[in-house]
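# Reading the structure
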Amino acid sequence: MPTETFEFQVEARQLLQLMIHSVYSNKDVFLRELVSNASDALDKLRLEKLWDDSLDADVSDLHIQIDIDKDARTLTVRDNGIGMSYDEVGQLIGTIANSGTAKFLRELREAQDKAGEEGLIGQFGVGFYSGFMVADEMTLLTRRAGESQGTRWSSRGEGTYTLETVDDAPQGTSVTLHLKPADPENQLHDYTSPWKIKEIIKRYSDFITWPIRMVPEGPADGSDEAPAPETLNSMKALWARSRDEVSDDEYHELYKHIGHDWRDPLETIRLQAEGTFEYQALLFLPAHAPHDLFTRDFRRGVQLYVKRVFIMDDCEALLPPYLRFVKGVVDAADLSLNVSREILQQDRHIEMMRRRLTKKVLSTVKEMMTKDRERYDTFWREFGTVLKEGLVTDTENRDAILAVASFASTHHESEPTTLKSYAERMQDGQEDIYYLTGESRQSIENSPHMEAFRERGIEVLLLTDPVDEVWADAVGEYEGKKLRSVAKGQIDLDAKDEDTPDAEREKQTEEYAGLLGWMKEQLDEDIKEVRLSSRLTVSPACVVSDAHDLTPALENMYRAMGQEVPRAKRILELNPHHQLVKGLNQAYKEREDRSELAETAELLHGLAVLAEGGQPKEPARFVKLMADRLERAL
Ligand code: ADP
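Residues numbered from 1 in each chain as written. Predicted model: local features only at pLDDT ≥ 70, side-chain atom pairs only at ≥ 80, totals over all residues. Heavy atoms only, no water.

## With respect to the overall build of the chain
- In terms of helices and strands, the chain carries 20 helices and 23 strands.
- Taken over C-alpha atoms, the radius of gyration comes to 32 Å for the chain, far larger than the 26 Å a tight globule of 634 residues would show.
- Its C-alpha atoms give the chain principal-axis dimensions of about 115 × 60 × 50 Å.
- Here the chain, with 634 residues, has 50% of them falling under the buried criterion.
- Counting only contacts in the chain whose residues sit at least 6 apart along the sequence, the fraction spanning at least 24 positions is 71%.
- Accessible surface, the chain as shown: approximately 31100 Å² in total, 48% of it carbon and sulfur.
- Each charge class in the chain can be summarised by its mean position, and for the 79 positive and 118 negative side chains these summaries are 3 Å apart. (Helix = DSSP H or I, 4+ residues; strand = E, 2+ residues; numbered from the N terminus. Rg over C-alpha atoms; globule rule 2.2 N^0.38 Å. Buried < 20%, exposed > 50% of the residue type's maximum accessible area, 1.4 Å probe, protein only. Contact = heavy atoms within 4.5 Å. Areas by Shrake-Rupley, 256 points an atom, 1.4 Å probe, with all protein chains shown as cover. Lys, Arg positive; Asp, Glu negative; His and termini not counted. Charge placed at Lys NZ, Arg CZ, Asp CG, Glu CD.)

Below, the structure written as structure tokens:
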């Protein structure tokens, strides 16, 4: 087959441009990325051979080799791992599959200054492409294990790449970087220096469990005998070494390798379990939520090893879905090397392990909360939304999750509060914890439901994540205190309010009985009850849900998930202190013809729905009625 030229996918091209003109100061990391890919390729081949012994591949000496050619200014990273087929090269190297990429590129374009750009590149990690930070041309020669023909890929990073079939490619992949011209000003970045390469490997890839070899510089006497390659990394699994033997930096490099992240993790968690079922775990809490955390194809990070041997990526049996952002390694002593995902899902030991790891992660967050509030705040900002899913799905750990949760609140405009602090601030006589859900802090704060709470200085939690609707409903209480939505059920703040004695309330009820009954008839299709409100101080009316009904937001959520739920009728509450309501009552009593009042009732209902961020049932009709009224009021 002749050499064919292809164009990079648009995103890939943009990313390449970025690499070529990169301002990223730590260019050394390109080598970590290539070694990381090579290591993954060796893991994959070992596993594939394990599953299929007939695979025509040599697994007797799996390793990574680095070759330097000073004269040609090339650096080659070679592995004898799984390799790639012709089609795979086009797919894996010519395109960017990661769904977060488009978003990342958009942010990058918006980051005007170089510092912002550097920060963004640092948090994304671009794997293979990072080679273009130091090379002006890259070639890749690869042969997939079991296949006879290999593929050569080559590109100058500028928009196109070539592919060509080759007959005599060795098993695995070799990536050759044609390094940019030497910079006499900056000897630090001389990647043809074996010393430099050794240093980078030691720093970034020491823990890689496969040997990384390099042939030392030839003997000075010019004899032909090639010196034997030396192994640059210690290959020691970090999780199997004692804590004081391993530096934080080393842990962080392991994290970057398995987490495909360029930034340090927020927290490192170690766990050693002795006894009948032995295992070691090294887990990391990332410092930033990945772009695709809420997408279906999000890859869960925990890898499973058996006695130092890599078994699988993204082992979902090891942690519950609400901890899917946790990265790391779990090494179990007594599992079969052939263990499958299906078996893991049912294994009793794995189940015990998952429970223990879950508790360990939660207790670590708790510790962060008490010892290092700033770090905790970062964690919660990035992962709180995911963790809250656990309040619904993991009843066993519900209390532990509630204990580390924090929420925006009317108590402070920017600092979130824990439920514990909320409880400590509760007013005399206040028995429940109040919350309101909505789209944004601002829309919640302006909601009519909040009026009486604001006036009486009662704290309300302001919940803006979609998942809040669900968990608040499911959890129900915290340490004996009910969690109550201020938009649901009867809120009887007046019971504690001396200003409105019982006698007056009775009078009010009597006073309005006729109007309330009549309005209920008018709005019967959407409203199950019309009553007087103790929530309102400024607005004339609001709609609330019955204590046990789903809120409209929850209804919508269930529908979005394809579940049939009936539309629950809501309750309309009127503010008896409002002039409009007083006037309406008056008119109701005086007039025979109530057709115009019926329109007023409809408008009042529409306004209440609008005020909580909803939509009147027939917006066009609502607007017309309203416009007519305004016209008459001119
Ligand atoms: P990432 O490693 O984050 O997936 P890369 O751009 O570095 O992104 O690599 C893209 C894909 O190309 C890898 O996921 C892998 O499937 C494939 N690949 C890269 N390097 C190698 C290699 N040395 N051997 C086999 N496959 C590789």
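From this point, things continue past the structure.
## Digging into the sheet that holds strand E23 (residues 570-574)
- With respect to topology, 3 strands assemble into an open sheet ordered E21-E23-E22, the strand pairing being mixed. In this open sheet, the two edge strands, each paired with only one partner strand, are strand E21 (527-532) and strand E22 (541-544). Between one strand and the next, the sheet's axes are offset by a mean angle of 25°, whatever the strand orientation.
- Across 5 bridges, the pairing between E21 and E23 is parallel. Of the residues in E23, the one forming a bridge with glutamate 529 is isoleucine 571. (Pairing = 2+ DSSP bridges. Axes fitted to C-alpha atoms, helices over the stretch in contact; angles between N-to-C directions.)

## Remarks on the site of the ligand
- Around the ligand, the surrounding shell consists of Asn37, Ala41, Lys44, Asp79, Met84, Leu92, Ile93, Gly127, Phe128, Thr173 and His260.
- A distance of 3.0 Å separates a nitrogen atom of the ligand from a polar atom in the side chain of aspartate 79.
- Within the side chain of threonine 173, an N or O atom sits 3.3 Å from a nitrogen atom of the ligand.
- In the complex, the protein chains occlude 77% of the 530 Å² of accessible area that the ligand would expose alone.
- Within the residue set of the shell around the ligand, elements represented by two or more residues are helix H2 (29-51) and helix H3 (86-94).
- Per-element accounting of the shell around the ligand gives the leading share, 3 residues, to H2. (Near = heavy atom within 4 Å. Polar contact = N/O pair within 3.5 Å; in protein donor to acceptor, adjacent residues only side chain to side chain.)

## Focus on the pairing of strand E14 (residues 327-332)
- The buried count for E14 comes to 6 of 6 residues, which makes it a mostly enclosed element.
- Burial along E14 is two-sided: the residues Lys327, Val329 and Asp331 and Gly328, Val330 and Ala332 are all buried.
- With 6 bridges connecting them, strand E11 (residues 279-285) and E14 associate as antiparallel partners. Paired with glutamine 280 across the two strands is aspartate 331, which belongs to E14.

## Side note on the packing of helix H9 (residues 348-371) against helix H10 (residues 373-393)
- It is the contact of H9 with H10, at a shortest axis distance of 7 Å, that shows an interaxial angle of 140°. Our classification of the angle between H9 and H10 gives oblique. Where H9 crosses over H10, the two elements pack in a sense that is left-handed. Contacts from Leu362, Val365, Met368, Met369 and Lys371 in H9 reach Arg373, Arg375, Tyr376, Phe379 and Leu387 in H10.
- The residue inventory of the contact of H9 with H10, partitioned by class, reads 7 nonpolar, no polar and 3 charged. (Parallel < 35°, antiparallel > 145°, perpendicular 65-115°, else oblique. Left-handed = near helix turned anticlockwise from the far one by under 90°. Nonpolar A, V, L, I, M, F, W, Y, C, P; charged D, E, K, R; others polar.)

## Details of the environment of glycine 517
- Looking at the element boundaries, glycine 517 is found in helix H16 (residues 502-522).
- Residue glycine 517 is classed as partly exposed on the basis of its relative accessible area of 34%.
- In the structure, glycine 517 is positioned 12 residues away from glutamate 529 in sequence and 8.4 Å away in space, judged by C-alpha atoms.

## Section: helix H7 (residues 248-259)
- The end-to-end C-alpha distance of H7, which contains 12 residues, comes to 16 Å, matching closely the 16 Å that a straight helix rising 1.5 Å per residue would cover.
- Positioned one or two residues after H7, histidine 260 has a phi angle of 50°, which is positive. (Expected span 1.5 Å × (residues − 1).)

## Comments concerning the nonpolar core
- Leu304, Phe325, Phe379 and Leu387 are the most contacted members of the largest nonpolar core, which has 73 residues in total.
- No other element matches the 8 residues that H9 contributes to this core.
- Split by domain, this core shows at least three residues from each of two domains, domain 2 (238-380) and domain 3 (407-486).
- Every residue in contact with leucine 304, bar those within four places of it in the chain, is listed here: Val309, Phe310, Ile311, Met312, Cys315, Leu318, Val330, Leu335, Val339 and Leu344.
- Counting residues in each nonpolar core, the second largest holds 69 residues, with Leu47, Tyr129, Ile197 and Phe284 among its members. (Core = buried A, V, L, I, M, F, W, Y, C linked by side-chain atoms within 4.5 Å. Domains from an automatic or database assignment.)

## Thoughts on the pattern of salt bridges
- Applying the stated criterion across every chain, the model contains 56 salt bridges.
- Between lysine 256 and aspartate 264 there is a salt bridge; the shortest N-O distance is 3.2 Å.
- The exposure class of aspartate 264 is partly exposed, given its relative accessible area of 38%.
- Of the charged contacts, one joins aspartate 261 and arginine 263 as a salt bridge, the two residues approaching to 3.3 Å between their closest N and O atoms.
- On the accessibility criterion, aspartate 261 (6% relative accessible area) is buried.
- One continuous salt-bridge network, built from bridges that share partners, spans Arg32, Glu33, Glu253, Lys256 and Asp264. (Salt bridge = Lys/Arg side-chain N within 4 Å of Asp/Glu carboxyl O.)

## Notes on the sheet that holds strand E7 (residues 172-179)
- In space, the 9 strands of this open sheet follow the order E1-E6-E5-E4-E7-E3-E2-E8-E9, with mixed pairing throughout. The sheet is open, and its two edges are formed by strand E1 (4-7) and strand E9 (230-231), each paired on a single side.
- Of the pairings in the sheet, the one linking strand E5 (residues 150-155) to strand E6 (residues 160-166) comprises 6 bridges and is antiparallel in character. In the strand pairing of E6, threonine 151 is matched with threonine 165.
- Docked against the sheet, H3 engages E1, strand E4 (135-143), E5 and E6, running at close to 160° with respect to E6.

## Quick notes on the environment of alanine 547
- As for its position among the elements, alanine 547 is in the loop between E22 and helix H17 (552-560).
- Taking the C-alpha atoms as reference points, alanine 547 and serine 39, separated by 508 residues in sequence, lie 57 Å from one another.
- With residues up to four places along the chain from it excluded, the contact list for alanine 547 reads Lys488 and Gly489.

## Considering unusual backbone geometry
- One non-glycine residue, arginine 73, lies in positive phi territory at about 55°.
- Within the secondary structure, arginine 73 sits in the loop between strand E2 (64-69) and strand E3 (74-79).
- Residue glutamate 479 is not a glycine yet carries a positive backbone phi of 45°.
- With respect to the helices, strands and loops of the structure, glutamate 479 is situated in the loop between strand E19 (477-478) and strand E20 (481-485).

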